[in-house]
Amino acid sequence: MRTNIKQYLKSKKRTLDDKDEQLLLSSTDLASHDDVLTEILLRLPIRSLLRSKCVSKHWRALISDHRFSLIRNPNPNPPRGLFLRRIRNPNSNVTAPEYEFVPFDSENHVKPPFKTLNFDRDVSNSGIIVLHSSNGLMLCHSLHEHFCKISKSIVYNAMYYVYNPTINQVVTLPKPNKLEGCDWIRRRPRGMTLAFDPVKSPHYKVVCVRGHLWSDHLYTIEIYSSENGSWKMSGKPFGNQIDTEFMGGVYWNDAVHWICKKGYIFYLKIDEDRVDRVPTPVMHDGWNVKRHCYPLVELRDCLLFIDIFPLSSMKLDVHEMSADYSGWSVKYHVDLNQVLTRFPETDEVTLALGFIRPVQPFVIHCLVVGEREEDSFLVLEIPGKAIRYNIGLKTFQELCELELSKPLRLSVADDGFSKLGRWPGAFLFFESLSNV
Amino acid sequence: MSQTVVLEQNAVETQSITLKFDGCSSDANPSPIVNPENQSITIKFDDQASNHHTIPVSIPNVDSETEAAVNEFLRKHGSSDEESVRTDAMNDLWSFIERQEIGTVVVLVKFASDVKNFELLEIFCQRVADVIAKKTVEEVREIFNIANDFTPEEEQAIRDEHRWAFED
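**What about the sheet that holds strand β12 (residues 255-260) of chain A?**
Residues and elements named next belong to chain A.
So, point 1. Taken together, the 4 strands give an open sheet; going across it, the order is β11-β12-β13-β14, and neighbouring strands pair in antiparallel fashion. The open sheet has two edge strands with one neighbour each: β11 (250-252) and β14 (274-279). Taken over all neighbouring pairs, the strand axes of this sheet differ in orientation by 30° on average, direction set aside.

This is the structure:
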């Protein structure tokens, strides 16, 4: 329906002289009434909103405005889908890592924002990968290695980026301090975590933990702040954290948390530059913290711990941490037996490999806590498929087929290491207009 | 709900009438009804709090059917505190608006903003957003009568930047 205000007004049965018509037009000229226009733009779905930037320079200015994005950013902002890194196909010529997208709503599919990351034209080999995702922004990384003839060792040249896939905006981070020459080997980052909560602040921080490659001495933490654009050292060096998984940091409660296989959660309170620890709710021998992308997950202001044990079990407990770190409480008991028996693919895996040792024919990629209890769900991967299990309703839906794990294969091996090459390999996608 | 006050003229000599009523206030002009038999005057008051909803408004640049629908909404919405009545009123107005041309709705948005009626603004803005969400950029320009001030290169640059928004 093409309707033009001028024509519409002319079609009305009123006799207007030129002056009246001028008045009428200016009074209905919405383009100049920013407050009303803003009310309309705020109600557009995100993709329509971005398309509307093309309408005129005025509209683009309104939509791109920092204050507009603060109001428009949904709050609460549930994730729309999950990126999974594809297992590299040896026959393919593509070297850049590819991402498969799992939409969470099986009916209203969200189009995948990207398949590969190629925002840095200088990056030719190895490509760009996602390290961490936080409330709409993603921390990405490209890594070059070359052999240094002088020191006779491999030199790493890493670039770090913060990327917003919704608005396709990226910024390259300056390098952390003392990242020169071959000192890199001894001081390689053990893990980088992005700390971003648009509800609290439009600025983000990046926490970098560095340590020796083969020793548990001298871990240091450096924090980058987007507010002042620079890195600073946080607190004093510490030791004895060889069993802590710094690659799987979780940002919650103004702190970054890492799980340690010894049975505690090691965390850094960002603004206080203070580290501390708190015991995990359970601890098991031979515990495989990398089996699922968790056990730690943060969403909607809570820190959750997922406990699946023994390994062959289809049942799991989800524990929630209190904000003052005083204790855990059980939030959910989940029994996946009902779901998994519906999928013969899981039986095949168990039958094929189960006689060697207990095998769990599924991987949990994420747990999303909904606004209402019945909206919480898990996203599982079984061979060839992604499934959404609604915790409160005890129902499930098939979300999509997964190319990356053909039948009988999962993207995570039994020792927990992602076959995708780097752990963790699943990243949540949130729609966000936040500028990087 | 309305309250009725009955006045009886007792003393013939008195020409003044004292009105007393409790609780309610209203700007609506009461029209007295005179009962010739006992010479009593009945005045009915509407005791509703939000008075401006009950007075019919005049909306420039829309046809009478639209004006009537908006006024019907205002009357119904303001007549009760009950959630179901208000929701019904909103649904009726919403169904009506969906059948109107987008040009009408744009005019109504402006009206709602001028009179600062937030319920109306919500409904009309949402309708405009729903309609333009499915339109192409050119169609949106037509609706709002906006000239394209981008060069072709500038527009293409935006489309490239937000490929995710444009491809299907």
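**Quick word on the pairing of strand β20 (residues 377-382) of chain A**
The side chains of a regular strand alternate, residue by residue, between the two faces of the sheet.
All names here are of chain A.
So, point 1. With 6 of its 6 residues buried, β20 lies for the most part within the structure.
So, point 2. Alignment of strand β19 (residues 363-368) against β20, held across 5 bridges, turns out to be antiparallel. For I364, the partnering residue across the bridge sits in β20 and is L380.
So, point 3. The antiparallel pairing of β20 with strand β21 (residues 385-390) creates a hairpin that spans 2 residues between the two strands, and G384 there sits at a positive phi of about 90°.

**Considerations on the packing of helix α3 (residues 34-42) of chain A against helix α5 (residues 57-64) of chain A**
All names here are of chain A.
So, point 1. Contact geometry for α3 and α5: axes closest at 11 Å, N-to-C directions at 65°. It follows that α3 is roughly perpendicular to α5 by the angle criterion. The chirality of how α3 crosses α5 is right-handed. Contacts between α3 and α5 involve D34, L37, T38 and L41 from the first element and H58, W59, L62 and I63 from the second.
So, point 2. Among the residues making up the contact of α3 with α5, the classes are represented as 5 nonpolar, 2 polar and 1 charged.

**Thoughts on the packing of aromatic side chains**
Residues and elements named next belong to chain A.
So, point 1. Applying the stated criterion across every chain yields a total of 22 aromatic pairs over all chains.
So, point 2. Relative to F114, the ring of Y99 has its centre 5.8 Å away and its plane inclined at 80°; by these criteria the two rings are edge-to-face. Pair noted here: Y99 is in strand β2 (residues 99-103) and F114 is in the loop between β2 and β3 (128-134), with a separation of 15 residues, a long-range link.
So, point 3. The class of Y99 is buried, set by a relative accessible area of 2%.
So, point 4. Ring geometry for F246 versus F266: centroids 6.2 Å apart, planes at 80°, classification edge-to-face. In this pair, F246 is assigned in the loop between β10 (230-238) and β11 and F266 in strand β13 (residues 264-269), connecting sequence segments 20 residues apart.
So, point 5. The class of F246 is buried, set by a relative accessible area of 1%.
So, point 6. Across the ring face of F377, the terminal group of R388 is positioned such that the distance to the ring centre comes to 3.7 Å.

**Focus on the environment of V209 of chain A**
Residues and elements named next belong to chain A.
So, point 1. Looking at where V209 falls in the secondary structure, it is placed in strand β8 (residues 204-210).
So, point 2. Classification of V209 by relative accessible area gives buried; the value is 0%.
So, point 3. Along the chain, V209 and F362 lie 153 residues apart, while their C-alpha atoms are 31 Å from each other.

**Side note on the pairing of strand β7 (residues 189-196) of chain A**
All names here are of chain A.
So, point 1. Of all 8 residues in β7, 7 are buried; the element is thus mostly enclosed.
So, point 2. When β7 meets β8, the two strands line up antiparallel, connected through 7 bridges. When the bridges of β8 are listed, T193 appears paired with V207.

**Re helix α5 (residues 137-144) of chain B**
Residue and element names in this part refer to chain B.
So, point 1. Within α5 the residues assigned to the buried category are V137, V140, R141, I143 and F144. Axial view of α5: buried residues confined to an arc of 160°, hence all on one face.
So, point 2. Directly beyond the C-terminal end of α5, a positive phi value near 60° is found at N145.

**Digging into the nonpolar core**
So, point 1. V206 of chain A together with F124 and F144 of chain B are the most contacted members of the largest nonpolar core, which has 84 residues in total.
So, point 2. Here the element with the most residues in this core is helix α4 (residues 118-133) of chain B; it accounts for 10 residues.
So, point 3. For this core, the domains that each give at least three residues are domain 1 (2-132) and domain 2 (137-166) of chain B.
So, point 4. Not counting the four nearest positions on each side in its chain, V206 of chain A is found in contact with L139, V162, L173, M192, T193, L194, E222, I223, Y224 and W231 of chain A.
So, point 5. One finds L304, V318, V339 and I387 of chain A within the second-largest nonpolar core, a separate group that totals 23 residues.

**Quick notes on the sheet that holds strand β22 (residues 395-401) of chain A**
Residue and element names in this part refer to chain A.
So, point 1. The strand order β19-β20-β21-β22 describes an open sheet built from 4 strands, whose pairing is antiparallel. The open sheet terminates on both sides in strands that have one partner only, identified here as β19 and β22. The mean angle between the axes of side-by-side strands here comes to 20°, regardless of whether they run parallel or antiparallel.

**Regarding the confidence of the model for chain A**
Low-pLDDT stretches of the model should not have their predicted coordinates read in fine detail.
All names here are of chain A.
So, point 1. Averaged over all residues, the pLDDT of chain A equals 77, while 72% of them reach at least 70.
So, point 2. Model confidence for chain A, summarised as mean pLDDT per element, is weakest for helix α2 (residues 18-27) at 41 and strongest for helix α4 (residues 46-51) at 94.
So, point 3. Here residues 1-28 is modelled with pLDDT under 50, and outside its nearest four sequence neighbours on either side it reaches 41 contacts, counting other chains as well.
So, point 4. Low pLDDT, under 50, characterises residues 179-185; the stretch is placed with 17 contacts to residues that sit more than four places away or in other chains.

**Notes on unusual backbone geometry**
Residue and element names in this part refer to chain A.
So, point 1. For the bond from N75 to P76, the omega torsion is 10°, close enough to zero to count as cis.
So, point 2. Positive phi, close to 60°, is recorded for N240, a residue that is not glycine.
So, point 3. Counting through the fold element by element, N240 comes out in the loop between β10 and β11.
So, point 4. Phi is positive for D273, which is not a glycine, with a value near 50°.

What counts, and where the lines are drawn
Residues numbered from 1 in each chain as written. Chains lettered and ligands numbered in written order. Predicted model: local features only at pLDDT ≥ 70, side-chain atom pairs only at ≥ 80, totals over all residues. Heavy atoms only, no water. Pairing = 2+ DSSP bridges. Helix = DSSP H or I, 4+ residues; strand = E, 2+ residues; numbered from the N terminus. Axes fitted to C-alpha atoms, helices over the stretch in contact; angles between N-to-C directions. Buried < 20%, exposed > 50% of the residue type's maximum accessible area, 1.4 Å probe, protein only. Parallel < 35°, antiparallel > 145°, perpendicular 65-115°, else oblique. Left-handed = near helix turned anticlockwise from the far one by under 90°. Contact = heavy atoms within 4.5 Å. Nonpolar A, V, L, I, M, F, W, Y, C, P; charged D, E, K, R; others polar. Phe/Tyr/Trp six-rings, centres within 6.5 Å; stacked < 30°, edge-to-face > 60°. Lys NZ or Arg CZ within 6 Å of the ring centre and 35° of its normal. Arc of directions from axis to C-beta. Core = buried A, V, L, I, M, F, W, Y, C linked by side-chain atoms within 4.5 Å. Domains from an automatic or database assignment. pLDDT = per-residue confidence, 0-100.

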